[in-house]
Amino acid sequence: MIHELRAWYNSHFTQEKYRLFLARLDAVCGMHIEFKVSETPFFLPSALMSAMAEAGRAMLHQLVNDADYLAKARRTIPEQFCVPNEARHPLFAAVDFGIVRTADGEVVPRLIELQGFPTLFAFQPMQALLFKETFGLPQECCFLLDDLDLEDYLMVFRRAVLGACDPEHVVLMDLDPERQKTRPDFLLTERFCGIRTINIRDVVQEGRKLFYRSNSSLVPIRRIYNRTIVDEVVGTGVQVPFEMRDELEVEWAGHPNWFFLISKFSLPFLQHPFVPKTMFLNELDAVPNDLDRWVLKPLFSFAGTGVVVGPSRTEIEAVPEHQRTHYVLQERVEYAPLIATPHGETKAEVRIMYIWENELHAVANLVRMGRGKMMGVRYNQNMAWVGSSAAFFV
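Residues numbered from 1 in each chain as written. Predicted model: local features only at pLDDT ≥ 70, side-chain atom pairs only at ≥ 80, totals over all residues. Heavy atoms only, no water.

Some details on the environment of Leu 172
Selection criterion: Helix numbers and strand numbers start at the N terminus; a helix is a DSSP run of H or I with at least 4 residues, a strand a run of E with at least 2. The rule is simple: take the accessible area with a 1.4 Å probe, protein chains only, and divide by the maximum for that residue type; under 20% is buried, over 50% is exposed, in between is partly exposed.
Here Leu 172 lies in strand S4 (residues 170–174). For Leu 172, a relative accessible area of 0% corresponds to the buried category. Remark: the alpha-carbon pair of Leu 172 and Leu 154, spanning 18 residues in sequence, is separated by 16 Å.

So, in structure tokens, the structure goes:
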């Protein structure tokens, strides 16, 4: 995208620097990174980054301020996961854009999906920082948004996670966190915020209070940085040991209801030039003839699970009638191969990461690179110059 930077980076890249970068990333996280980290960042003009940040902000505001939409979305929340005292907006959000090239050659973003849920808010800035330091990127290359430097960013992130609570009484909660691919982010969050990561299986409820175990003691939980994916809890059949729908004496750093309220369910309701045509499967008058131009998506899956690019008529008709309200058919976004690499041109998907305190701020970014049908690491196995990355803008 910024051809001078791309040419400079490619000519200065060495496997030795890449190995050093990965080793430093492992050391910073305190564990080996098991997912593929790309050999390169993504360089793009600041105008394109600003356009994505502003578009995501407009979409999030549209949904949060649309009472009719929110009423429909609330009906998708399973009863056992409908948490009281819903916050008036998500604390954390993320909006994913595929980068495409129009017929007249213009490079523009197209919405892939969005979520009212935390992502790698601790890991991503560290990954970007190590890209910059290890490969000696020019000082003017920025990776944080809203004019934040790293110290400012970590202050905002800590404030969002901790609120006004003592870190001893704040926990990051997920299902079996030790086996999650996002564990490097958990370890960095522990370090930055001084909190503990706990397994949702191990939470103890006594009346309206929740506790976690520390040695032989029960420690009160005042605030939860929630990273638990409901779809995974349901899919594994885990019985959550506390009632999320109770009036609990706990704060949520990211109220769980927003996982459902800002999700793929919102795609057909959004009105923005960057949003591709999207329809609920149960509202289709007829199955399109050009299915290679469409993507079938389950609404509440995560990390690309269940997504079918270019579905067949048989795959669409195989979705049971009672589940069709939980699927959308979205016009396929044709990612442009924009990144010149020694292994061929690579495509990119950019996630804009938001923290919403009193105001909604775009704060950081995440990039997935690939040459496969989708950008997730699982879809680009055994490839070089693909995987998890970061965007730098000038």
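Things to note about the sheet that holds strand S2 (residues 92–101)
Keep this limit in mind: Two strands qualify as a pair provided DSSP detects at least 2 bridges between them. For every element, the axis is a line fit to its C-alpha atoms; helices are fit only across the contacting stretch, and the angle between N-to-C directions ranges from 0 to 180 degrees.
Here 5 strands make up an open sheet; going across it, the order is S3-S2-S15-S16-S17 and the pairing antiparallel. Each edge of the open sheet carries a strand with a single partner, namely strand S3 (107–115) and strand S17 (387–389). The average angle at which neighbouring strand axes cross in this sheet is 30°, direction not considered. Where strand S15 (residues 347–356) lies against strand S16 (residues 360–370), 10 bridges are found, and the strand directions are antiparallel.

Remarks on the packing of aromatic side chains
For clarity, the threshold we go by: Centres within 6.5 Å make a pair out of two Phe, Tyr or Trp rings, where for Trp the six-membered ring is used; the pair is then stacked when the planes are under 30 degrees apart, edge-to-face when over 60, and tilted otherwise.
What the rule picks out here adds up to 27 aromatic pairs. Seen in terms of ring centroids, Tyr 9 and Phe 135 are 5.2 Å apart; in terms of plane orientation they differ by 45°. Their pairing is tilted. Of this pair, Tyr 9 sits in helix H1 (residues 3–12) while Phe 135 is found in helix H5 (residues 123–135), placing the two residues 126 residues apart along the sequence. Note on accessibility: Tyr 9 and Phe 135 belong to one class, buried. Summarising the aromatic geometry, the rings of Phe 131 and Phe 135 are spaced 6.0 Å apart at their centres and angled 35° between planes, so their arrangement reads as tilted. Placement of both Phe 131 and Phe 135 in helix H5 is noted, with a separation of 4 residues, approximately one turn of the helix. Assigned by exposure class, Phe 131 and Phe 135 land together as buried. Taken together, the aromatic side chains of Tyr 9, Phe 13, Tyr 18, Phe 21, Phe 43, Phe 131, Phe 135, Phe 143, Trp 385 and Phe 392 make up a single cluster linked through ring pairs.

Focus on the layout of surface pockets
Take a probe with the size of a water molecule and roll it over the atoms, and the empty space left behind shows itself. Worth spelling out the cut-off: In the cavity and pocket records, a cavity denotes points on a 1 Å grid over the protein atoms alone where a 1.4 Å probe fits but cannot get out, a pocket denotes an open set with protein on both sides within 12 Å along at least 5 of 7 lines, and lining residues are residues with an atom within 4 Å of a point. Grid points are joined across faces, edges and corners, and a volume is the space filled by probe spheres set on the points. For this scheme, ten residues count as nonpolar: Ala, Val, Leu, Ile, Met, Phe, Trp, Tyr, Cys and Pro. Four count as charged, namely Asp, Glu, Lys and Arg, and the remainder, Gly too, count as polar.
In this structure, the second largest pocket spans a volume of roughly 370 Å³. Lining the second largest pocket are 20 residues, with Cys 142, Leu 144, Leu 145, Asp 147 and Phe 393 sitting closest to its centre. Along the lines of polarity and charge, the residues of the lining of the second largest pocket split into 11 nonpolar, 3 polar and 6 charged.

Digging into the sheet that holds strand S9 (residues 223–226)
Note the cut-off: The contact rule is simple, with two residues in contact once any of their heavy atoms fall within 4.5 Å.
Strands sit in the order S5-S4-S9-S10 across an open sheet of 4 strands; the sheet is parallel. At either margin of the open sheet sits one strand with a lone partner, and together these are strand S5 (196–199) and strand S10 (251–253). Across the sheet, the mean angle separating the axes of adjacent strands is 35° when strand polarity is ignored. Relative to S10, S9 runs parallel, the two being bridged by 3 bridges. If you follow Arg 223 over to S10, its bridge partner there is Glu 251. Sitting on the sheet, helix H6 (residues 150–162) is in contact with S4, S9 and S10, with an inclination near 120° to S9.

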